[in-house]
Amino acid sequence: MITTYPSDGLHPNVRTLKAIYADLSSIGEYTVDDVVLHRANRTVDDPHPVMGRDNVVAHEVGLVAMTGNTLVMDVAHIAANDHFGAVLGTLRVRHPAPATMPFCGLWRFENGRVLEHWENAYDATAFMEVLTQFAGAS
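Predicted model, so just to flag it, every value in this text is computed and none were measured.

Basis of the calculations
- Residues numbered from 1 in each chain as written.
- Predicted model: local features only at pLDDT ≥ 70, side-chain atom pairs only at ≥ 80, totals over all residues.
- Heavy atoms only, no water.
- Helix = DSSP H or I, 4+ residues; strand = E, 2+ residues; numbered from the N terminus.
- Buried < 20%, exposed > 50% of the residue type's maximum accessible area, 1.4 Å probe, protein only.
- Contact = heavy atoms within 4.5 Å.
- Areas by Shrake-Rupley, 256 points an atom, 1.4 Å probe, with all protein chains shown as cover.
- Pairing = 2+ DSSP bridges.
- Axes fitted to C-alpha atoms, helices over the stretch in contact; angles between N-to-C directions.

Undergrad: Before we move on, can you summarise the overall build of the protein chain with the specific residues and values?
TA: Summing up its helical and strand segments, the protein chain has three helices and six strands in all. Along the protein chain, from the amino end to the carboxyl end, the secondary structure elements read α-β-β-α-β-β-β-β-α. Taking all 138 residues of the protein chain together, the buried fraction comes to 36%. Sequence-distant contacts, at least 24 apart, represent 49% of the contacts inside the protein chain between residues at least 6 apart. Surface exposure of the protein chain reaches about 7,900 Å², of which carbon and sulfur atoms provide 56%.

Take a look at the structure:
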């Protein structure tokens, strides 16, 4: 079977990932109902993923809100096929304190819909410490 792509030559899942990283609150438009999101700050003590479209959207919206709406995901590279995607870049926040950190988002797709996502910040603990400064200062 020969796969054809639109005139821009991008796999449809690359376009999906570009759209999600441009507006994290839009993630629900691209997921299955029972999507699973593995948080960047998952730990042995709290390994539980975020489950379900509404909860995943709430998680992403909450993450942006924790930064005073300053979170930007600067995407450097996206690779995706029919089954998987990987996004490399740098996350940046200006609030509560300026911070930058490399990230790698991993994605699993089925029929063009997101089934599962793994958030991976280079040092999720340090990033969450910056964000909790905002919560403590309120």
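Once you've had a look at it, read on.
Undergrad: How would you sum up unusual backbone geometry? Please name residues and give values.
TA: In this chain, H95 is followed by P96 through a cis amide linkage whose omega measures 15°. Its location among the elements puts P96 in the loop between β4 (84–93) and β5 (99–110). Positioned with a positive phi, N69 is a non-glycine residue whose angle comes to about 60°. With respect to the element layout, N69 can be found in the loop between α2 (53–66) and β3 (72–80). Relative accessible area serves as the criterion here: at 60%, N69 is assigned to the exposed category. Positive phi, close to 50°, is recorded for N111, a residue that is not glycine. Mapped onto the elements of the fold, N111 is located in the loop between β5 and β6 (113–118).

Undergrad: Tell me about the pairing of β4, and name the residues and values.
TA: Residues of β4 alternate between two faces, with G85, V87, G89, L91 and V93 buried on one and F84, A86, L88, T90 and R92 left unburied on the opposite face. In this sheet, β4 lies alongside β3 in antiparallel orientation, the contact comprising eight bridges. Across the sheet, residue A80 finds its bridge partner in β4, namely G85. The turn linking β3 back onto β4 is made up of three residues. The sheet contact formed by β4 and β5 spans ten bridges and is antiparallel. Across the sheet, the residue bridging to L88 is C104, located in β5. The antiparallel pairing of β4 with β5 creates a hairpin that spans five residues between the two strands.

Undergrad: So what's going on with the environment of A79? Which residues, and what values?
TA: Its location among the elements puts A79 in strand β3. Once the C-alpha coordinates of A79 and L10 are considered, the two residues, 69 residues apart in sequence, prove to be 9.6 Å apart. Setting aside chain neighbours within four positions, we find A79 in contact with F84, G85 and A86.

Undergrad: So what's going on with the pairing of β5? Residues and values would help.
TA: Burial along β5 is one-sided: the face carrying A99, M101, F103, G105, W107 and F109 is buried and the face carrying T100, P102, C104, L106, R108 and E110 is not. The pairing of β5 with β6 spans five bridges and is classified as antiparallel. Paired with L106 across the two strands is W118, which belongs to β6. Here β5 hands over to β6 after two residues, with N111 in that stretch at a positive phi of 50°.

Undergrad: A description of the sheet that holds β4 should follow, citing residues and the corresponding values.
TA: The pairing of strands in a sheet comes from backbone hydrogen bonds and takes either a parallel or an antiparallel form. Strand order in the open sheet formed by six strands is β2-β1-β6-β5-β4-β3, with mixed pairing between adjacent strands. In this open sheet, the two strands that pair with only one neighbour each are β2 (50–51) and β3. For strand β1 (residues 31–38) and β6, the ladder comprises four bridges, and the chain directions are parallel. Paired with H38 across the strands is W118, a residue of β6. Contacts between α2 and the sheet are confined to β1, β2 and β6, with β1 contributing the most and set at about 50° to the helix.

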